[in-house]
Amino acid sequence: MGKIAVCPGSFDPVTFGHLDIIKRGARVFDNIKIVVLNNQSKSTLFSVEERVELIKEATKDMENVTVDSYQGLLIDYAKQVGASTILRGLRAVSDFEYEMKIASINRKLEDEIETFFMMTNNQYSFLSSSIVKEIAKYHAPVSDLVPEIVQEALREKYAGSPLE
């Protein structure tokens with residue numbers, strides 16, 4: 001089976017920053033399992049099912065990458081799929097503080113699963129799903145930020161907005 005890494009997130013929507021981490025992680029680990037988590041503290045634009053489909057389409061050429069969703073603790077999912085690692089991307093120092101807390105509690109819950117932090121490519125260090133949604137809401141171009149399939153989905157979501 002090889003080394004399995006779980007790459008969790010809300011991915012609302014998936015961006016080129018996410019895909020950069022996934023592609024690079026796929027060179028390090030034998031298998032990457034992207035897992036869409038439903039963070040109840042976040043208000044999402046896309047349903048979990050829509051996010052899974054968008055990621056599947058965006059990663060269809062990556063042979064060792066699969067996409068799933070999960071309700072519950074990430075560490076439980078990682079154990080279920082036999083993962084040895086949780087793969088997380090970092091954009092800035094501000095990300096590290098939050099991610100360190102999450103990695104610490106995950107380690108307390110299961111000390112056999114490591115968290116692997118990967119720095120994002122500098123060209124994506126500013127990028128977040130929230131920024132993409134804000135730009136798309138005002139019908140500004142997002143072609144440098146997300147795959148074409150996500151651009152189309154954003155256009156559909158915001159098509160009826162009074163901003164046109």
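Here the residue index of a chain counts from 1 through its sequence in written order. Only residues with pLDDT of 70 or above have their local features reported here, since the model is predicted, and side-chain atom pairs are shown and tallied only from 80 upward, although totals for entire chains, interfaces and linings are computed over all residues. The basis for every side-chain value is the complete set of heavy atoms in the structure, and neither hydrogens nor water enter the calculation.

K.L.:
Explain the pattern of salt bridges to me, please; I cannot follow it from the model alone.
P.N.:
Where side chains of opposite charge bring their charged atoms close, a pairing between them can arise. A pairing counts as a salt bridge when a side-chain nitrogen of Lys or Arg comes within 4 Å of a carboxyl oxygen of Asp or Glu. Scanning all chains against the criterion turns up 11 salt bridges. We note a salt bridge from Glu110 to Lys79, for which the minimum N-O separation is 4.0 Å. Separated by 31 residues along the polypeptide, Glu110 in the loop between helix H4 (93–109) and strand E5 (114–119) and Lys79 in helix H3 (residues 74–80) bring together distant segments of the chain. Through salt bridges with shared partners, a single ionic network connects Asp76, Lys79 and Glu110. Numbering of helices and strands runs from the N terminus; a helix is a DSSP stretch of H or I covering at least four residues, while a strand is a stretch of E covering at least two.

K.L.:
Explain helix H2 (residues 48–58) to me, please; I cannot follow it from the model alone.
P.N.:
Along an α-helix, residues three or four positions apart point the same way, because every turn accommodates 3.6 residues. Under the scheme applied here, a residue whose accessible area is under 20% of the maximum for its type counts as buried, over 50% as exposed, and between as partly exposed, the area being computed with a 1.4 Å probe on protein chains only. Here H2 has its buried residues at Val48, Arg51, Val52, Leu54 and Ile55. Seen end-on, H2 carries its buried residues on one side only, within an arc spanning 165°. On its buried face, H2 is in contact with strand E2 (31–37), strand E3 (65–70) and helix H6 (148–158). What the arc describes is the spread of directions from the helix axis to the C-beta atoms. Between two residues, a contact is recorded if the distance between any of their heavy atoms is within 4.5 Å.

K.L.:
What is the right way to read empty space enclosed by the protein from this model?
P.N.:
Where empty space is left in the structure can be found by rolling a water-sized probe over the atoms. Buriedness for pockets is judged along seven lines, at least five of which must meet protein on both sides within 12 Å for an open set on the 1 Å grid over protein atoms alone, while cavities are sets there where a 1.4 Å probe fits but cannot get out, and lining residues have an atom within 4 Å of a point. Grid points are joined across faces, edges and corners, and a volume is the space filled by probe spheres set on the points. Overall, the coordinates contain 1 cavity of 30 Å³ or more when judged by the stated rule. In this structure, the largest cavity occupies an estimated 30 Å³ of space. For the largest cavity, the full set of lining residues is Ile86, Arg88, Glu99, Ile102, Ala103, Asn106, Thr115 and Phe117. In terms of residue count, the dominant contributor to the lining of the largest cavity is H4 (4 residues). Three classes are used: nonpolar for Ala, Val, Leu, Ile, Met, Phe, Trp, Tyr, Cys and Pro, charged for Asp, Glu, Lys and Arg, and polar for all others, with Gly counted as polar. Broken down by class, the residue content of the lining of the largest cavity amounts to 4 nonpolar, 2 polar and 2 charged.

K.L.:
Where do I start with the nonpolar core in this structure?
P.N.:
In this text, buried Ala, Val, Leu, Ile, Met, Phe, Trp, Tyr and Cys residues form a nonpolar core when linked through side-chain atoms within 4.5 Å. Residues Ile32, Ile34 and Leu154 are the most contacted members of the largest nonpolar core, which totals 33 residues. Of all elements in the fold, only strand E1 (4–9), helix H1 (16–28), E2, H2, E3, helix H5 (129–137) and H6 reach the threshold of two or more residues within this core. By size, the runner-up hydrophobic cluster in this structure holds 13 residues, among which are Leu37, Tyr70, Ala83 and Ile113.

K.L.:
Whenever I open this one, the sheet that holds strand E4 (residues 85–90) confuses me. Can you help?
P.N.:
A pair of strands counts as paired when DSSP detects no fewer than two bridges linking them. If you walk across this open sheet you meet the 5 strands as E3-E2-E1-E4-E5, and the pairing is parallel. Looking at which strands have only one partner, the edges of the open sheet turn out to be E3 and E5. Averaged over neighbouring strand pairs, the angle between their axes works out to 30° when direction is ignored. Summarising the sheet, E1 and E4 pair through 2 bridges and their orientation is parallel. Angles run from 0 to 180 degrees between N-to-C directions of axes, and those axes are lines fitted to C-alpha atoms, restricted for helices to the stretch in contact.

K.L.:
Would you take a moment to explain the packing of aromatic side chains for this structure?
P.N.:
The description of an aromatic ring pair uses the distance of the two centres, along with the angle that the planes make with each other. What counts as a ring pair is set by centres within 6.5 Å for rings of Phe, Tyr and Trp (its six-membered ring), and what kind of pair is set by the plane angle: stacked under 30 degrees, edge-to-face over 60, tilted for all other angles. Under the criterion given, the structure shown has 3 aromatic pairs. Centre to centre, the rings of Phe29 and Phe116 are 5.2 Å apart; their planes meet at 85°, and the pair counts as edge-to-face. Of this pair, Phe29 sits in the loop between H1 and E2 while Phe116 sits in strand E5, placing them 87 residues apart in sequence. Exposure remark for Phe29: the relative accessible area of 8% places this residue in the buried category. Judged by centre distance (5.3 Å) and plane angle (55°), the rings of Tyr70 and Tyr77 are tilted.

K.L.:
Would you mind showing me how to read the side chain of Glu110 here?
P.N.:
Taking relative accessible area as the criterion, Glu110 reaches 17% and is therefore assigned buried. Apart from residues lying up to four places away in sequence, Glu110 is in contact with Ile75 and Lys79.

K.L.:
Could you clarify how one ought to interpret unusual backbone geometry in this entry?
P.N.:
Residues apart from glycine generally show negative phi values, whereas peptide bonds are mostly found in trans. Looking along the chain, the bond that leaves Asp12 and enters Pro13 is cis, with omega of 0°. On the secondary structure map, Pro13 appears in the loop between E1 and H1. Residue Phe11 is not a glycine yet carries a positive backbone phi of 50°. With respect to the helices, strands and loops of the structure, Phe11 is situated in the loop between E1 and H1.

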